[in-house]
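Observations on the model geometry
Spelled out, the chains give:
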Amino acid sequence: MSNLKGSIEQFIEESCENIFKEAAGRPVLCALSGGVDSAVCAVLAHRAVGDKLTCLFVDTGLMRKNEGDQVTALFRDTYAINLIRVDAEERFLAKLKGVTEPELKRKIIGEEFIRVFEEEAKKLGSVGCLVQGTIYPDIIESGADGHKQVKAHHNVGGMPLNIEFEAVIEPIKLLYKEEVRECGRKLGLPEAFANRQPFPGPGLAVRCLGELTKPKLDLLRDADAIFREEIEKAGLQKEIQQYFAILPGIQSVGVRNDERCYEETIALRAIATKDFVTAGSARLPYELIEAAAKRITDEVKGVNRVVLDVTPKPPATIEWE
Ligand code: XMP
């Protein structure tokens, strides 16, 4: 399936010309999420308008291990794009303090994201144009004129932005996901970005059950990084559509240094799916599962048990909250 009439190279050329024309000399703002859609948009817009582009990256504190630094290094250092990174971890965690209800967690994150985005955009003064990474499946999913909505940061909260932009530019709105990835590769995005697995807008909040705290999120980040490393070491990262760790908040008894311990459980999930609407569990080699479990319990302080979630969707969802 494709809406393209020519090659990806032609698409890149034409889309840069269109962005240049649509921007018409005005400043351009692009929100980066760390995902491939916004990354491709940012690089296209940078090619088109150079220093007129400013990218905004809100680090919610709910990203995976080192993700914020990777985004900053790639766009600021490698591509030399004007990048504003907002370290909003404390602000998000303060709003989420004591909140355990999953939908309320999502709503608070969505609202806070919009607030931070608005504040930062206003600081820039005249913002002119917003570039956003709507892709073709987003348009289909949100109905006939759903693409007029601002997709500032995935679909967190689905709240409208309270800012009037003179123009909203959607350079990749005709592309399917695989074409976006291909475009990213042609634009020189490293494979870790071009082939990035889907990551929910509310981030680790939907994988860290119950109240969110920094120590819990750090523990989950460390376990998740080890699991991802093991999958990548086995060369399976392209075959498995999504893989991650979950902190269910279950403590159980174990033995460490000949003493009883009472520590956290980490769940691992690896997904095989074509469309994310239904999904099965990816059949991981047993050695990989064991190696990940051993490393997680050895290296992540406070974890004494690792389990594997093999439930298909339905009845389970991919994310745990
Ligand atoms: P579920 O958990 O509903 O997830 O089976 C299906 C796919 O959607 C992703 N997901 C989200 N993505 N914002 C997003 O942008 C969200 O709130 C959200 N919740 C789930 C999930 O990672 C999976 O790929």
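Up top you'll find the structure we're talking about.
Residues numbered from 1 in each chain as written. Predicted model: local features only at pLDDT ≥ 70, side-chain atom pairs only at ≥ 80, totals over all residues. Heavy atoms only, no water.

1. With respect to the pairing of strand S3 (residues 82–87)
Heads up, the rule is: Here, any two strands with at least 2 DSSP bridges between them count as paired. Secondary structure counts use DSSP, requiring at least four H or I residues in a row for a helix and at least two E residues in a row for a strand, with both numbered from the N terminus.
Bridging between strand S2 (residues 53–59) and S3 involves six bridges; their strand directions are parallel. Counterpart to Val58 in the pairing with S3 is Val86.

2. What to know about the sheet that holds S2
As a reminder of what qualifies: Throughout, an axis means a line fitted to C-alpha atoms (over the contacting stretch in the case of helices), and angles, computed between N-to-C directions, take values from 0 to 180 degrees. For this analysis, residues touch if any pair of their heavy atoms sits within 4.5 Å.
Judged by pairing direction, the sheet is parallel, and its five strands sit side by side in the order S3-S2-S1-S4-S5 without closing on themselves. Unpaired on one side and paired on the other, S3 and strand S5 (167–169) mark the two borders of the sheet. The average undirected angle you get between the axes of adjacent strands in this sheet is 25 degrees. Lying over the sheet, helix H5 (residues 102–123) contacts strand S1 (28–32), S2, S3 and strand S4 (129–131), oriented at roughly 145 degrees with respect to S2.

3. Observations concerning unusual backbone geometry
Look at the link from Lys313 to Pro314: it is a cis peptide, with omega at -10 degrees. As for its placement among the helices and strands, Pro314 is situated in the segment after strand S10 (303–309). Look at the link from Pro314 to Pro315: it is a cis peptide, with omega at 10 degrees. Relative to the assigned elements, Pro315 resides in the segment after S10. Of note in the backbone geometry, Asn66 takes a positive phi value of approximately 65 degrees without being a glycine.

4. With respect to the packing of aromatic side chains
This is how the line gets drawn: Any two rings among Phe, Tyr and Trp, with Trp reduced to its six-membered ring, count as a pair given centres within 6.5 Å; such a pair is stacked if its planes are under 30 degrees apart, edge-to-face if over 60, and tilted if neither. Think of it in three bands: residues with accessible area under 20% of the maximum for their type are buried, residues over 50% are exposed, and the middle band is partly exposed, with areas taken using a 1.4 Å probe on protein chains only. Definition used: whenever NZ (Lys) or CZ (Arg) falls within 6 Å of the ring centre and also within 35 degrees of the ring normal, the charge is taken to sit over that ring.
Scanning the model with the defined rule gives five aromatic pairs in all. Aromatic side chains Tyr136 and Tyr176 sit 5.4 Å apart centroid to centroid with 65 degrees between the ring planes, which places their arrangement in the edge-to-face category. In this pair, Tyr136 is assigned in helix H6 (residues 136–141) and Tyr176 in the loop between S5 and helix H7 (177–186), connecting sequence segments 40 residues apart. Under the relative-accessibility criterion, Tyr136 is labelled partly exposed at 23%. Feature note: the residues Phe75, Tyr79 and Phe193 constitute an aromatic cluster, connected by ring pairs. Across the ring face of Phe199, the terminal group of Arg64 is positioned such that the distance to the ring centre comes to 4.5 Å. We note Arg207 situated over the ring of Phe244; from NZ or CZ to the ring centre the distance is 3.7 Å.

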